[in-house]
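These are the residues of each chain, in order.
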Amino acid sequence: MPLLKDRLGSQRSVFVHGHRIRMNVVPMFLNVFMPWGVFILCCGMTSFWVMYAHPRIAWGFIGLVFLAWFVIIAVAFWARRFDPNPTWFSYFALVVGVMAIAGTVAGLDNFKDFSEPYYHIMSLKTIENLDASFVPGKNVMDGGIFMFGKGNALDETRSWHFTFKTTYCVAPIITNKTAPLSQNYDFWAVGKDCCSLSASDFRCGSWGLAGVGGGIRLVTGADIKYYKLAVEQAESLYNINAPNPILLSWSSAPTVEVNSWNQQVFKNYILMVAVALIASLFFMTLATCGFAFIGRNKSAYAMDFYDQDNWQQGGYGKPMDYGGALIWCLTGMLDVCIGAMQLSS
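Computed from a prediction, not measured in an experiment: that's the story for all the values here.

**Student:** How should the overall build of the protein chain be read in this particular structure?
**Tutor:** Each helix and strand in the protein chain was counted, giving eight helices and eight strands. Looking at the protein chain as a whole, 39% of its 345 residues are labelled buried. Here the contacts in the protein chain between residues at least 6 apart in sequence split such that 72% fall between residues at least 24 apart. By element, 63% of the accessible surface of the protein chain is carried by carbon and sulfur atoms, the whole surface being about 20100 Å².

This is how it looks when you write it as C-alpha cells:
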C-alpha cells in the first residue's frame, strides 16, 4: 500500500463535489464511431468474397483487430492504476471487444448461410437444356445450376425418404416418364420434411408449378449424406440404380434464386451495421449518464448510515434519500461498463 503522505499528496480527482467539469465531445464521438467501425470491419471481412477466396487474409485482419483490442485493455488497466481521474479507456476497451466479437460471429453466420453457397454454385457451370434420361450424370459433374429441357419432370412414383430427426425426401428426374437409357437414375430432386412417410409423395421446392425445369446443386453440408441414404433406400425399394446421384433443389428459376442469396448477404450486412450503430449510440448514452453523476454528491466518499430498525430515517435525523439511493443502484449496475469512470481506489 502507498504511504499515507503519498496518498494525501497525490493529485485529487476533479470529480469531487464542486469540481465537476464539462465532458469532452471528442472522446464521446470516438467511443461511438470507432467501435462501430470495428464491427463494420469484422463483419465485412467475414461476410463476403474475401472470406471465401482468401480466408487467410480475412483472418489476418480479424487477428489484428483483436491484437489492438488487447493493447487497449492494457492501456485501460494502466489508466485505472495510475490516473486518479475517470477516463474512457475501460469503456472503450469493453465496447471494442463486444463489437469485434459480435461482428465476427454475425459475419460468419451470414457467410455460412448465403455467401458460401452462392460462391460455391457460381464457381460451377450452368447446364442448359439438359435431358435427364439421355445425358449421363458423369458428363455434367461440374454443373452447379441445371436447366432441364422440355418434358423433364419429377418421377413421384419412385420418390422416397430417409428419417433421422428430419425427413430427407428424394425423387428422381426423368424425361417423359421413361427410364434413363443407361438405366442409372443420376439426377434427384431433394428436400426436407416435404414428403409422405408411408407412400411415394414428393412436395419439395417448386414441385407444383407448371413449367418448372431447373435445379440448384447441393455441394456442401451435412445433409448430403442423409439424402444419399434416402436414394439408396429408393434403389432397394424400386429396384433401380443410382450409383452417383446428383442432388438438386428443384426450382422454377434457379438462377434468380441463387442471385437472391448474394443480395440477401448485403441486406443482412446493412441491417447488422445499422443495429450496431444504434447499440453503440445507446451504450454511449448510458455511459455518459453514468459519467455525469460522478462527483455530484457532497463528497466522493459520501455514505448514508441508517440507524433505525425500520430504515425510514437516515442517520442524524436526516430523511432517507430514495432518489439518491435509486441513482446509486443504477450507477452501480453500470460499473462494469464504465469502471474507469469511478475514482481510483
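**Student:** It is not clear to me how the confidence of the model for the protein chain should be interpreted in this structure. Could you clarify?
**Tutor:** Of all residues in the protein chain, 75% have pLDDT values of 70 or greater, and the mean over the chain is 79. Between residues 299–303, whose pLDDT stays under 50, and residues either more than four places distant or in other chains, the model counts four contacts. Scored below 50 in pLDDT, residues 311–318 shows 19 contacts in the model against residues more than four places distant or in partner chains.

**Student:** Explain the packing of aromatic side chains to me, please; I cannot follow it from the model alone.
**Tutor:** What characterises a pair of aromatic rings is the spacing of the ring centres plus the angle enclosed by the ring planes. Enumeration over the complete set of coordinates arrives at 17 aromatic pairs. Between tyrosine 168 and tyrosine 226, the aromatic rings sit 5.0 Å apart at their centres with planes inclined by 25°, giving stacked as the arrangement. A residue pair is termed long-range when its members are at least 10 positions apart, and tyrosine 168 in strand β5 (residues 166–175) and tyrosine 226 in helix α6 (residues 223–238) qualify at 58 residues. As far as burial versus exposure is concerned, tyrosine 168 and tyrosine 226 are alike and both buried. Of the aromatic side chains, those joined through ring pairs into one cluster are Phe162, Phe164, Tyr168, Tyr226 and Tyr227. Sitting over the ring of phenylalanine 82, arginine 81 keeps its end group 5.3 Å from the ring centre.

**Student:** Teacher, can you tell me more about unusual backbone geometry here?
**Tutor:** The phi torsion at lysine 165 lies on the positive side, around 65°, for a residue other than glycine. As for its placement among the helices and strands, lysine 165 is situated in the loop between β4 (160–164) and β5. Owing to a relative accessible area of 80%, lysine 165 belongs among the exposed residues under this scheme.

**Student:** What is the right way to look at the side chain of asparagine 31 in this model?
**Tutor:** Counting through the fold element by element, asparagine 31 comes out in helix α2 (residues 25–47). The class of asparagine 31 is buried, set by a relative accessible area of 3%. Contacts of asparagine 31, omitting those with residues within four sequence positions, involve Trp88, Tyr91, Phe92, Ser280 and Met284.

**Student:** It is not clear to me how the packing of helix α4 (residues 55–82) against helix α5 (residues 89–122) should be interpreted in this structure. Could you clarify?
**Tutor:** Packed helices, taken two at a time, are described by their axes: the angle between them and the distance between them. In contact at an axis separation of 8 Å, α4 and α5 are set at 160° when each is read in the N-to-C sense. The angle between the axes of α4 and α5 places the two elements in the roughly antiparallel class. By crossing handedness, the relation of α4 to α5 is classed as left-handed. Two secondary-structure elements touch here, α4 through Trp59, Ile62, Val65, Phe66, Trp69, Ile72, Ile73, Val75, Ala76, Ala79 and Arg80 and α5 through Phe89, Ser90, Phe92, Ala93, Val96, Gly97, Ala100, Ile101, Thr104 and Leu108. Of the residues assigned to the contact of α4 with α5, the class counts are 17 nonpolar, three polar and one charged.

**Student:** I would appreciate a short explanation of a nonpolar patch on the surface in the present structure.
**Tutor:** On the surface, Val25, Val26, Phe29, Leu30, Phe33 and Met34 cluster together to form a nonpolar patch covering roughly 550 Å² of accessible area. In this structure, phenylalanine 33 sits in helix α2.

**Student:** Just to check I follow, could you spell out the nonpolar core for this structure?
**Tutor:** Taken as a class, soluble globular proteins show a tendency for nonpolar side chains to be buried jointly. Core analysis: the biggest nonpolar cluster contains 19 residues, and Phe146, Phe148, Ile173, Phe187 and Phe202 have the highest contact counts within it. Secondary-structure elements contributing two or more residues to this core are β1 (125–130), β2 (143–148), β5, β6 (187–192) and β8 (246–251). In this structure phenylalanine 187 touches Leu130, Ala132, Val135, Pro136, Gly137, Val140, Phe146, Phe148, Ala171, Pro172, Ile173 and Ile246, once residues within four positions along its chain are discounted. Grouped together as the second largest cluster of nonpolar side chains are 18 residues, Trp36, Tyr91, Met272 and Ala276 included.

**Student:** Help me understand the pattern of salt bridges, please; the structure alone is not making it clear to me.
**Tutor:** Any two side chains of opposite charge can pair if their charged atoms end up close together. This structure, assessed with the given rule, holds five salt bridges. Note that aspartate 142 and lysine 125 form a salt bridge whose closest N and O atoms lie 3.1 Å from each other. Taken together, the positions of aspartate 142 in the loop between β1 and β2 and lysine 125 in strand β1 put the pair 17 residues apart, joining distant regions of the chain. Taking the relative accessible area as the measure of exposure, aspartate 142 reaches 31% and is therefore partly exposed.

**Student:** Would you mind going over the state of the cysteines with me for this structure?
**Tutor:** Throughout this description, disulfide means a covalent bond between two cysteine sulfur atoms. A complete count under the given rule lists two disulfides for this structure. Across a sulfur-sulfur distance of 2.0 Å, cysteine 169 and cysteine 195 are joined as a disulfide pair. On the sign convention where negative means left-handed, the S-S torsion of about -80° between cysteine 169 and cysteine 195 marks this disulfide as left-handed. Taken together, the residues cysteine 169 in strand β5 and cysteine 195 in the loop between β6 and β7 (214–217) connect sequence positions 26 residues apart. With respect to burial, cysteine 169 and cysteine 195 carry one shared label: buried. Sulfur-sulfur distance for the disulfide between cysteine 194 and cysteine 204 comes to 1.6 Å. One quick way to see it: the torsion about the S-S bond of cysteine 194 and cysteine 204 is about 85°, and its sign makes the bridge right-handed. A residue pair is termed long-range when its members are at least 10 positions apart, and cysteine 194 in the loop between β6 and β7 and cysteine 204 in the loop between β6 and β7 qualify at 10 residues. Residue classification places cysteine 194 among the buried residues on the basis of a relative accessible area of 10%. Accessibility expressed as a relative area gives 2% for cysteine 204, which makes it buried. Counting only the cysteines that form disulfides, in the order they appear in the protein chain, gives the pairing 1-3, 2-4.

So, how was this worked out
- Residues numbered from 1 in each chain as written.
- Predicted model: local features only at pLDDT ≥ 70, side-chain atom pairs only at ≥ 80, totals over all residues.
- Heavy atoms only, no water.
- Helix = DSSP H or I, 4+ residues; strand = E, 2+ residues; numbered from the N terminus.
- Buried < 20%, exposed > 50% of the residue type's maximum accessible area, 1.4 Å probe, protein only.
- Contact = heavy atoms within 4.5 Å.
- Areas by Shrake-Rupley, 256 points an atom, 1.4 Å probe, with all protein chains shown as cover.
- pLDDT = per-residue confidence, 0-100.
- Phe/Tyr/Trp six-rings, centres within 6.5 Å; stacked < 30°, edge-to-face > 60°.
- Lys NZ or Arg CZ within 6 Å of the ring centre and 35° of its normal.
- Axes fitted to C-alpha atoms, helices over the stretch in contact; angles between N-to-C directions.
- Parallel < 35°, antiparallel > 145°, perpendicular 65-115°, else oblique.
- Left-handed = near helix turned anticlockwise from the far one by under 90°.
- Nonpolar A, V, L, I, M, F, W, Y, C, P; charged D, E, K, R; others polar.
- Patch = residues over 30% accessible without salt bridge, like charges linked within 9 Å, V, L, I, M, F, W, Y side chains within 5 Å.
- Salt bridge = Lys/Arg side-chain N within 4 Å of Asp/Glu carboxyl O.
- Core = buried A, V, L, I, M, F, W, Y, C linked by side-chain atoms within 4.5 Å.
- Disulfide = S-S within 2.5 Å.

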